[in-house]
Amino acid sequence: MTVSTRRQAKRALRRQARRALPLWRRLLPTWRVVLGAVVTLLMTAAAAFAVLYVIVPVPDPNAHAVAQNNIYLYSDATTEIARTGAVNRTDVAIDKIPLDTQHAVVSAEDRTFYQNRGIDLKGMLRAGWNTLTGKGTQGGSTITQQYVKNYYLTQDQTIARKGRELFIALKVDQQRDKNEILAGYLNSSYFGRGAYGIQSAAHAYYGVDVSELTLAQGAYLAALLQAPSSYDVKTAKPANRDKAIARWNYTLDGMVQLGFLDAADRAAETFPEPVDPQPTTGLSGQAGYLVGVADDYLTSAGIIDAATLKAGGWRITTTFDKPKQDAFTKAVQQELTDELDPKARPTTDTDVRVAGASVEPATGRVVAVYGGPDYAKQPYNDALRQDNQIGSTFKPIDLAAGLVAQHTPDGRPITTETRYDGTSERHVTGGPTPYAPPNEDDIDYGNITLRYAMVKSVNSVYAQEGVDAGLARVRDTAVKLGIPDNVPGMDPANTSMTLGTATPSALDLAGVYAALANHGRARTPWSVLKLERLGTGSGSGSVDVPKMPDHAATDALDRQIADTVTDVLRDVVSTRGTGAAALDLGRPAAGKTGTTDSNLSAWFAGFTPQLTTTVGLFRENPKTHAKEPLAGTAGLTRINGGTFPTKIWTAYMTDALDGTEVKHFDLQTGRGNGGGQNNWPTGSASTSAAPSAGVTPTPGATPPGTAPSPAPTATAPAPARPTATGGEPTPGPAAPSPQAPAPTPTQEQPSATPRPSQTHQPKPTPPVSASAPPTGAATQPAAP
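Definitions and cut-offs
- Residues numbered from 1 in each chain as written.
- Predicted model: local features only at pLDDT ≥ 70, side-chain atom pairs only at ≥ 80, totals over all residues.
- Heavy atoms only, no water.
- Helix = DSSP H or I, 4+ residues; strand = E, 2+ residues; numbered from the N terminus.
- Areas by Shrake-Rupley, 256 points an atom, 1.4 Å probe, with all protein chains shown as cover.
- Buried < 20%, exposed > 50% of the residue type's maximum accessible area, 1.4 Å probe, protein only.
- Pairing = 2+ DSSP bridges.
- Contact = heavy atoms within 4.5 Å.
- Phe/Tyr/Trp six-rings, centres within 6.5 Å; stacked < 30°, edge-to-face > 60°.
- Lys NZ or Arg CZ within 6 Å of the ring centre and 35° of its normal.
- Axes fitted to C-alpha atoms, helices over the stretch in contact; angles between N-to-C directions.
- Salt bridge = Lys/Arg side-chain N within 4 Å of Asp/Glu carboxyl O.
- Polar contact = N/O pair within 3.5 Å; in protein donor to acceptor, adjacent residues only side chain to side chain.
- Core = buried A, V, L, I, M, F, W, Y, C linked by side-chain atoms within 4.5 Å.
- Parallel < 35°, antiparallel > 145°, perpendicular 65-115°, else oblique.
- Left-handed = near helix turned anticlockwise from the far one by under 90°.
- Nonpolar A, V, L, I, M, F, W, Y, C, P; charged D, E, K, R; others polar.
- Patch = residues over 30% accessible without salt bridge, like charges linked within 9 Å, V, L, I, M, F, W, Y side chains within 5 Å.
- Lys, Arg positive; Asp, Glu negative; His and termini not counted.
- Charge placed at Lys NZ, Arg CZ, Asp CG, Glu CD.

S.K.: What's the story with the overall build of the protein in this structure? I'm lost.
M.R.: Within the protein, the regular secondary structure consists of 22 helices and 14 strands. Accessible area for the protein stands at about 32900 Å²; split by element, carbon and sulfur atoms hold 54% of it.

Rendered as structure tokens:
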């Protein structure tokens, strides 16, 4: 039998044996077929890879390797705000860059740089797996790939661009040595503050030549590469500052692991604080603040990354309305700046700062902001900072959470007419930490409704009501309305959260009050209408334009609850309310004042049906950036939310709404929440009194909407007074009973009256004044 015959016989036997198998088994390919297919696929892939490697050239540097201007426009799409993006880059040779800085960059960005061939397959597979398994989107790019992307290609997130990046990286790694590649990467990367390249970054952050960078400074610049704008610790939000320092530590630890740094030397390093950002030319006046708000929105919303934005070539139409922006600047100048006299009062009338934002409730569009007097002189955007407590402007959130809860933990209904004990320094019961906050001027209000307590900004009432509503619910309500969940002072494990220890920005707070004005429908404030890319090369028109969000609203509160809170806030803007100065607007308005411990900040947040605006006031040491008391500003003993903030708000809103229709609030308030501005008690004040709220109680009767409970005992020790350090109010020991017993027919409503004394006086009982005093979170001496 020949060899050919034997082969034929074997094949025949295999076919016969396969025909004998079940049908499902015969449908499966044999191992020979599988092996052949795999080999064919691998050979095809290898051939394709070889062909692509040959035909994909290393291109000339792309046009975006050199920064272009960005053009920012007001909402009319015609009036220019500013042009930014002038090139700030000076290339340096690798031998001018300290070796520690080089090693820090390798540790932070690509720990296999000196070993890989331009790409890191393990890193790419690991990044892909982490992305697929929900551990966050990761790139897995090497330093060579990032250099190729920056210098030769674009920032487009496409498969085609990524494929070209891979093949060009392989070629560049073959054609150039590692030092040349690293130098190219460091000279083309964006570090924030408008600085392209390591030399510009050294000057921008430390005011030195790159050759003078220390180990710690070089490690911080390396850490910046991951998120340049977010990790600038001089302007970052608190959460991002922590991330930046963590990234700095990660970089140094990696240097130890890679053998670039001795563990003992690493342990001796401390974080190197960079210098303050220097003014940017061309952004003087309000322009720099507006550009900052627009840039922050574009990057924080994930519309475009900071490096692509700063590379230039963008036409950005913002939501800012020039007449309203001018009106905001004018209001601050007329109502505050003109009242200051730095020469006569150098210790109190200097470094006074204003943070403001104005938002359309129906759309969430930011129409104006006030970030400072002049960006060229003060390159900090106060409208975006998140380090000032908002005080009693938080109380509407407490009320909203209580209306959501409907009942206290022991079953008492919570409505705007529920009565609470307004005794100053009354100990909060049921809270996680002891707390007994004083009312402003230590006034005792007796048994009063939640509505009246909001109008007079009674701390003892809302400290207890927030606990009754549930601090977790209060926090959840605040976040739904628009306070970022990562700002300091939002910890439900601290009872003082109820009185506004949170530190959202003026823009964040405007979003919260805009949601109330919009009947509980919340939108994150947004500031860019349109983003276009100017044509390059032979092309024309817009290219590479990211998709803009649709700004859909979310249901933060039920409409009846939001409208009920608004109804109460209308009473604040009344002759008896702390926002009385806003009556000069001459149209329906609602709002809330706020003042924080040690008079470190003062606020007014208010709205009409068409427009919501917040104004915050504070002082800051220009060198240490520490907060300083407002007491003494403009010669006043105390600055409350009802003074300068409300006056600025009123002046701005008057101009901003000039010529527009006078609209009334369309409110659908809930049952049991009646009252309104006509539901006011009359008579002289008494420190033990309670308001009638339109009801004449009988002896032993239960006030509407509440259940009787014993009055607080007087045996608990007095709490410590808050210090002037700007921290949260100092808590005191707890005592029983959140509500006072029903009033007798002889009780009359007390009311605070401002007194010009400069020291804290105990529990005054003067008669009601004709005008409302400014108030807030209430531990300061009275203002004149």
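S.K.: Any chance you could explain the pairing of strand 3 (residues 314-318) here in plain terms?
M.R.: The side chains of a regular strand alternate between both faces of the sheet. Strand 3 sits mainly inside the fold: four of its five residues count as buried. Both strand 1 (residues 70-73) and strand 3 contribute to a ladder of three bridges, which runs parallel. When the sheet's bridge partners are listed, Leu-73 is paired in strand 3 with Thr-317. Looking at chain direction, strand 3 and strand 9 (residues 528-533) are connected through five bridges and run antiparallel.

S.K.: Teacher, can you tell me more about helix 10 (residues 215-224) here?
M.R.: Most of helix 10 sits out of view: 10 of its 10 residues are buried. Tucked inside the fold, the buried residues of helix 10 contact helix 4 (99-109), helix 9 (198-206) and helix 11 (238-257).

S.K.: Whenever I open this one, the packing of aromatic side chains confuses me. Can you help?
M.R.: By convention here, two paired aromatic rings are described through the distance between centres and the angle between planes. All chains considered together, the criterion is met by 13 aromatic pairs. Judged by centre distance (6.4 Å) and plane angle (85°), the rings of Tyr-206 and Tyr-220 are edge-to-face. You can see Tyr-206 sitting in helix 9 and its partner Tyr-220 sitting in helix 10, a full 14 residues away along the chain. For Tyr-206, a relative accessible area of 9% puts it in the buried group. With a relative accessible area of 0%, Tyr-220 lands in the buried category. Linked through ring pairs, Tyr-205, Tyr-206, Tyr-220, Trp-248 and Phe-271 together constitute an aromatic cluster. Just above the ring of Phe-113 sits the side chain of Lys-178; from NZ or CZ to the centre is 4.7 Å. One Lys or Arg, Arg-266, reaches over the ring of Trp-248 and ends 5.9 Å from the middle of that ring.

S.K.: Help me understand the sheet that holds strand 2 (residues 80-84), please; the structure alone is not making it clear to me.
M.R.: Paired through their backbone hydrogen bonds, the strands of a sheet run either parallel or antiparallel. The sheet built from four strands is open, its strands ordered 2-1-3-9 with mixed pairing. Taken across any chain shown, the strands that pair with only one partner, and hence form the sheet edges, are strand 2 and strand 9. On average, each strand axis in the sheet is tilted by 15° relative to the strand beside it, whichever way the strands run. Against the sheet, helix 13 (residues 287-300) engages strand 1, strand 2, strand 3 and strand 9, with an angle of about 70° to strand 2.

S.K.: Hey, could you run me through the pattern of salt bridges in this one?
M.R.: Working definition: two side chains of opposite charge can pair if their charged atoms are close together. Summed over all chains, the structure comprises 34 salt bridges. When the shortest N-O distance is used, the salt bridge between Arg-451 and Asp-567 registers 2.8 Å. Within this pair, whereas Arg-451 is found in helix 17 (residues 450-455), its partner Asp-567 is found in helix 21 (residues 559-572), the two being separated by 116 residues in sequence. Residue class for Arg-451 comes out buried when judged on its relative accessible area of 4%. One salt bridge connects Lys-480 with Asp-476, and the closest N-O pair in it is separated by 3.3 Å. With Lys-480 and Asp-476 both in helix 19 (residues 471-481) and four residues apart, this pair spans about one turn of that helix.

S.K.: Please clarify how the environment of Lys-178 should be interpreted in this entry.
M.R.: Among the structural elements, Lys-178 can be located in helix 8 (residues 178-188). Along the backbone, Lys-178 and Thr-144 are 34 residues apart, and their C-alpha atoms lie at a distance of 8.8 Å. Beyond its immediate sequence surroundings of up to four residues, Lys-178 is in contact with Phe-113, Tyr-114, Asn-116, Gly-118 and Asp-173. Of note is the side chain of Lys-178, whose polar atom sits 2.8 Å from the backbone oxygen of Phe-113.

S.K.: What is the right way to look at the side chain of Thr-449 in this model?
M.R.: Following the sequence through the fold, Thr-449 ends up in strand 7 (residues 447-449). Polar side-chain contacts of Thr-449 include one of 3.1 Å to the backbone nitrogen of Tyr-452.

S.K.: Before we go on, may I ask you to explain unusual backbone geometry in this structure?
M.R.: Leaving glycine out, the prevailing phi sign among residues is negative, and the prevailing peptide bond configuration is trans. Despite not being glycine, Asp-351 shows a phi value in the positive range, around 60°. Along the polypeptide, Asp-351 turns up in the loop between helix 15 (322-335) and strand 4 (352-359). You can call Asp-351 partly exposed: its relative accessible area is 32%. Non-glycine residue Asp-442 carries a positive phi angle of around 60°. The topology assignment puts Asp-442 in the loop between strand 6 (419-421) and strand 7. A residue is classified by how much of its surface remains accessible, and Asp-442, at 4% relative accessible area, is buried.

S.K.: Is there a simple way to explain the nonpolar core in this structure?
M.R.: Most often, soluble globular proteins keep nonpolar side chains buried together rather than apart. In terms of nonpolar packing, the biggest core is built from 57 residues, with Ile-483 and Leu-569 touching the most fellow members. Of all the elements in the fold, those that place two or more residues in this core are helix 16 (395-405), helix 17, helix 18 (459-469), helix 19, helix 20 (506-517), helix 21 and strand 12 (601-607). In terms of residues, this core owes the most to one element, helix 20, which gives seven residues. Judged by nonpolar contacts, the second largest core, of 51 residues, contains Tyr-185, Ala-202, Leu-224 and Leu-225.

S.K.: Is there a simple way to think about helix 6 (residues 143-151) in this case?
M.R.: An α-helical turn contains 3.6 residues, so any two residues separated by three or four positions project in the same direction. A large share of helix 6 lies buried, amounting to eight of its nine residues. Taken together, the buried positions of helix 6 are Ile-143, Thr-144, Gln-145, Gln-146, Tyr-147, Val-148, Lys-149 and Asn-150.

S.K.: Explain the packing of helix 6 against helix 8 here, please?
M.R.: The contact between helix 6 and helix 8 brings their axes to 9 Å, and the two run at 50°. In terms of orientation, helix 6 and helix 8 fall into the oblique class. Judged by the twist between their axes, the crossing of helix 6 over helix 8 is left-handed. Touching Ile-143, Thr-144, Gln-146, Tyr-147 and Asn-150 of helix 6 are Ile-181, Leu-182, Gly-184, Tyr-185 and Ser-188, all from helix 8. Here the residues of the contact of helix 6 with helix 8 sort into five nonpolar, five polar and no charged.

S.K.: I'm lost on a positive patch on the surface in this one. Help?
M.R.: Taken together, the side chains of Arg-6, Arg-7, Lys-10, Arg-11, Arg-14, Arg-15 and Arg-19 define a basic patch exposed on the protein surface. Turning to its location among the elements, Arg-7 is positioned in helix 1 (residues 3-19).

S.K.: Explanation requested: the side chain of Thr-144 in the structure shown.
M.R.: Within the secondary structure layout, Thr-144 lies in helix 6. Residue Thr-144 is classed as buried on the basis of its relative accessible area, which comes to 0%. The residues contacting Thr-144, other than those within four sequence positions of it, are Phe-113, Gly-118, Ala-169, Val-172 and Ile-181.

S.K.: Would you take a moment to explain the pairing of strand 1 for this structure?
M.R.: Burial along strand 1 is two-sided: the face carrying Asn-70 and Tyr-72 and the face carrying Ile-71 and Leu-73 are both buried. Pairing analysis gives four bridges linking strand 1 to strand 2, with the strands arranged antiparallel. The residue of strand 2 that forms the bridge with Asn-70 is Thr-84. The hairpin formed by strand 1 and strand 2 contains six residues between the paired strands, and Ala-77 there has a positive phi angle of roughly 65°.

S.K.: Honestly, a nonpolar patch on the surface in this entry has me stumped. Any pointers?
M.R.: On the surface, Val-34, Val-38 and Leu-42 cluster together to form a nonpolar patch covering roughly 260 Å² of accessible area. Relative accessible area serves as the criterion here: at 42%, Val-38 is assigned to the partly exposed category.

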